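Chain residues, written in single-letter form:
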Amino acid sequence: MGIFDKGVQKTKESFFKRLSRAVVGKSRVDEDVLDAMEEALVSSDMGVETTLKIIDNLQDRVEKDKYMSFDELVEMLRDEISKLLDVDGPDAPVQAFDFSKKPYVMMVVGVNGVGKTTTIGKLAASLKAQGKKVIVGAADTFRAAAVDQLQIWADRAGVDIVRQEMGSDPAAVAFDSVNAAVARDADVVIIDTAGRLHNRIDLMNELTKIRNVMGKVIPDAPHDVMLVLDASTGQNAFQQAKEFSRATKVSSLAVTKLDGTAKGGVVIGIVDQFQIPIKFLGIGEGIDDLKVFDKKEYVNSLFNAEDLKAE
C-alpha cells in the first residue's frame, strides 16, 4: 500500500466512478467521454483552468488516434497530472529541509482552522525523532488558543518554544526565536504566524515585518515560507493561496485533511495555478500522518492499477 493511498481514496473513488460510467461499452474516446472527464475533474475541485488545460491536451492526443481503451485514457491522464506537479522539475529531489543551512528557518502561514499549528507540531516531532534540535516560535500572539496549542505540541514533541505575552508584537517573537535558534545551535526554527488579520494590507505588513526582522539575524531567512491549506475546503483553498501569495512570497505548501475529502484534485489545481511545490500532505490525525510529498508516490496512489478497471 502506497503512503498516500489512504489520503486519496475518497477522491479516487468519486473520480473514477464518474469516469468509468462514461467510458463503459465504448471503443473510442468521443466528446461525451471528454465531457464526463471534465466533469469528474471539476467535481474533484481541480479548478476550471487546470481542468481545461488537461482536457485540451488530451483532446490533442486523442485526435491522433480515435480508438483508445479505458486503460490508455487513464495512462494519458496520469501523464498530464504528473507534468502539472513538476513545478520544481521532474527530477527534483524530495527535500523537506535543507540542513546545510543552520538554523534552517521556516515561517508558516495560513488561515485559522486549516491545521497550521498542528502541522508545526507534527513537523517538530518528526524532526526531533530524526535527532534534530528544533525551536518553535509562537508568533500568533493574537490568539491565546494558538500559543497554548503550540505549547502543548512543543511539550509533546520535546522541543523548545519561544513565546511572549498575548498581544505582543509577532515580529518580536520571531526575532527572539531566530536569535534563540542561533544561540542554542538549533538545526531548525519554525515560526507560527497569525491566521487572520483585518484585511490584506494588515496581513502583508505583518508578514513583511516578520520576514525583515528574521533577515536581520540570518540574512537569507526565512529559507521557506510554507502555506498550510485544508484540502476539504476545495475552492476556498484556492482563494487562500491567492491572498497569501499576494501578501508574501510563498515558497511551499502543506495540504492537510486530504483523507477526509473527495476534493483532492485541489492539490493538483493549486500547484498548477500558483506554481508552488507541495512539501507535505496531511493524511490523518495521527502524529505520523504528515508525510513528505513525493509527487511520484502521490500519482501512483491516485492511479493505483487495481482500482482503475472500468465497471
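Above: the structure in question.
Parameters and conventions
- Here the residue numbering is sequential within each chain, running from 1 through the sequence in written order.
- Residues qualify for local features only when their pLDDT is at least 70, as the model is predicted, and side-chain atom pairs are given and counted only at 80 or more; totals for whole chains, interfaces and linings, by contrast, use all residues.
- Only hydrogens and water are set aside; all other atoms, that is, all heavy atoms of the structure, feed into the side-chain values.
- Axis lines are fitted to C-alpha atoms, over the contacting stretch for helices. Their N-to-C directions set the angle, which ranges from 0 to 180 degrees.
- The numbering of helices and of strands both runs from the N terminus, where a helix is a DSSP run of H or I of at least 4 residues and a strand a run of E of at least 2.
- Any angle that is under 35 degrees is reported as roughly parallel, and any over 145 degrees as roughly antiparallel; angles of 65 to 115 degrees are reported as roughly perpendicular and all others as oblique.
- The crossing is said to be left-handed when, going from far helix to near helix, the turn is anticlockwise and less than a right angle, and right-handed when the turn is clockwise.
- Two residues form a contact once any of their heavy atoms are found within 4.5 Å.
- With a 1 Å grid spanning the protein atoms alone, the term cavity applies to any set of points in which a 1.4 Å probe fits but cannot get out, the term pocket to an open set with protein on both sides within 12 Å along at least five of seven lines, and the term lining residue to any residue with an atom within 4 Å of a point.
- Grid points are joined across faces, edges and corners, and a volume is the space filled by probe spheres set on the points.
- The nonpolar class holds Ala, Val, Leu, Ile, Met, Phe, Trp, Tyr, Cys and Pro. Asp, Glu, Lys and Arg form the charged class, and all remaining residues, Gly among them, are polar.
- We define the nonpolar core as a collection of buried residues of types Ala, Val, Leu, Ile, Met, Phe, Trp, Tyr and Cys that are connected through side-chain atoms lying within 4.5 Å of one another.
- To sort residues, take the accessible area from a 1.4 Å probe on protein chains only and compare it with the maximum for the residue type: under 20% means buried, over 50% means exposed, and anything in between is partly exposed.
- Salt bridge, as applied in this entry: a Lys or Arg side-chain nitrogen positioned within 4 Å of an Asp or Glu carboxyl oxygen.
- Patch definition: residues with relative accessible area over 30% and no salt bridge; like charges joined within 9 Å; nonpolar side chains (Val, Leu, Ile, Met, Phe, Trp, Tyr) joined within 5 Å.
- Per-residue accessibility takes into account occlusion by the displayed protein chains alone, with areas from the Shrake-Rupley method and a 1.4 Å probe.
- To estimate how far a helix should extend, the number of its residues minus one is multiplied by 1.5 Å.
- As used here, the arc is the angular range of directions from the helix axis to the C-beta atoms.

**As for the packing of helix H9 (residues 235-247) against helix H10 (residues 265-274)**
Thought 1: It is the contact of H9 with H10, at a shortest axis distance of 10 Å, that shows an interaxial angle of 30°. Our classification of the angle between H9 and H10 gives roughly parallel. Every pair of crossing elements has a handedness; the one defined by H9 and H10 is right-handed. Contact with H9, carried on its side by Ala237, Phe238, Ala241, Lys242 and Ser245, involves Val266, Gly269, Ile270, Gln273 and Phe274 of H10 and no other residues of that element.

**A closer look at empty space enclosed by the protein**
Thought 1: One pass over the full model with this rule turns up 1 cavity of 30 Å³ or more.
Thought 2: When its volume is computed, the largest cavity comes out at roughly 90 Å³.
Thought 3: Taken together, 15 residues make up the lining of the largest cavity; nearest its centre are Thr11, Phe15, Met46, Ile81 and Leu302.
Thought 4: When contributions to the lining of the largest cavity are tallied by element, the ones reaching two or more residues are helix H1 (5-23), helix H4 (70-84), H10 and helix H11 (295-302).
Thought 5: Among the elements that take part in the lining of the largest cavity, H1 stands out by supplying 4 residues, more than any other.
Thought 6: When the residues that make up the lining of the largest cavity are grouped by side-chain class, the tally is 10 nonpolar, 4 polar and 1 charged.

**Observations regarding the nonpolar core**
Thought 1: Ranked by size, the top nonpolar core spans 100 residues in total, and within it Val136, Ile190 and Tyr298 carry the most contacts.
Thought 2: With 7 residues, H4 is the largest single contributor of residues to this core.

**With respect to the pattern of salt bridges**
Thought 1: Applying the stated criterion to the full structure yields 14 salt bridges.
Thought 2: Linking aspartate 192 and lysine 116 is a salt bridge whose minimum nitrogen-to-oxygen distance equals 2.8 Å. You can see aspartate 192 sitting in strand E4 (residues 188-192) and its partner lysine 116 sitting in helix H5 (residues 116-129), a full 76 residues away along the chain.
Thought 3: Three or more residues are tied together by salt bridges with common partners; here these are Lys102, Asp185 and Asp187.

**Considering a nonpolar patch on the surface**
Thought 1: A surface patch of nonpolar side chains, amounting to about 230 Å² of accessible area, comprises Val42, Val48 and Leu52.
Thought 2: Among the structural elements, valine 48 can be located in helix H3 (residues 48-64).
Thought 3: With a relative accessible area of 52%, valine 48 lands in the exposed category.

**Describing the environment of alanine 180**
Thought 1: One can find alanine 180 in helix H7 (residues 170-183).
Thought 2: Alanine 180 sits in the buried class, given a relative accessible area of 9%.
Thought 3: Along the primary structure alanine 180 and aspartate 160 are separated by 20 residues, whereas in three dimensions their C-alpha atoms are 9.5 Å apart.
Thought 4: Beyond its immediate sequence surroundings of up to four residues, alanine 180 is in contact with Ile135 and Val162.

**Remarks on helix H2 (residues 31-43)**
Thought 1: Across its 13 residues, H2 extends 18 Å between first and last C-alpha, which sits within 8% of the 18 Å expected from 1.5 Å per residue.
Thought 2: The set of residues buried in H2 consists of Val33, Leu34, Ala36, Met37, Ala40 and Leu41. The buried side chains of H2 occupy one side of the element, clustering within an arc of 160° when seen end-on.
Thought 3: At the exit of H2 stands aspartate 45, carrying a positive phi of roughly 65°.

**What to know about the environment of lysine 83**
Thought 1: The residue lysine 83 is located in helix H4 in this model.
Thought 2: Sequence spacing of lysine 83 and lysine 295 is 212 residues, and the spatial spacing of their C-alpha atoms is 10.0 Å.

**What about the environment of serine 20?**
Thought 1: Position of serine 20 relative to the elements: it lies in helix H1.
Thought 2: For serine 20 and alanine 36, which are 16 residues apart along the polypeptide, the C-alpha to C-alpha distance reads 9.3 Å.

**Concerning the packing of H2 against H3**
Thought 1: It is the contact of H2 with H3, at a shortest axis distance of 10 Å, that shows an interaxial angle of 155°. The angle between H2 and H3 falls in the class roughly antiparallel. With respect to the hand of their crossing, H2 and H3 are arranged in right-handed fashion. For the pair H2 and H3, the contacting residues are Glu31, Leu34, Met37, Glu38, Leu41 and Val42 in the first and Thr51, Leu52, Ile54, Ile55, Leu58 and Gln59 in the second.
Thought 2: Classifying every residue of the contact of H2 with H3 gives 8 nonpolar, 2 polar and 2 charged.

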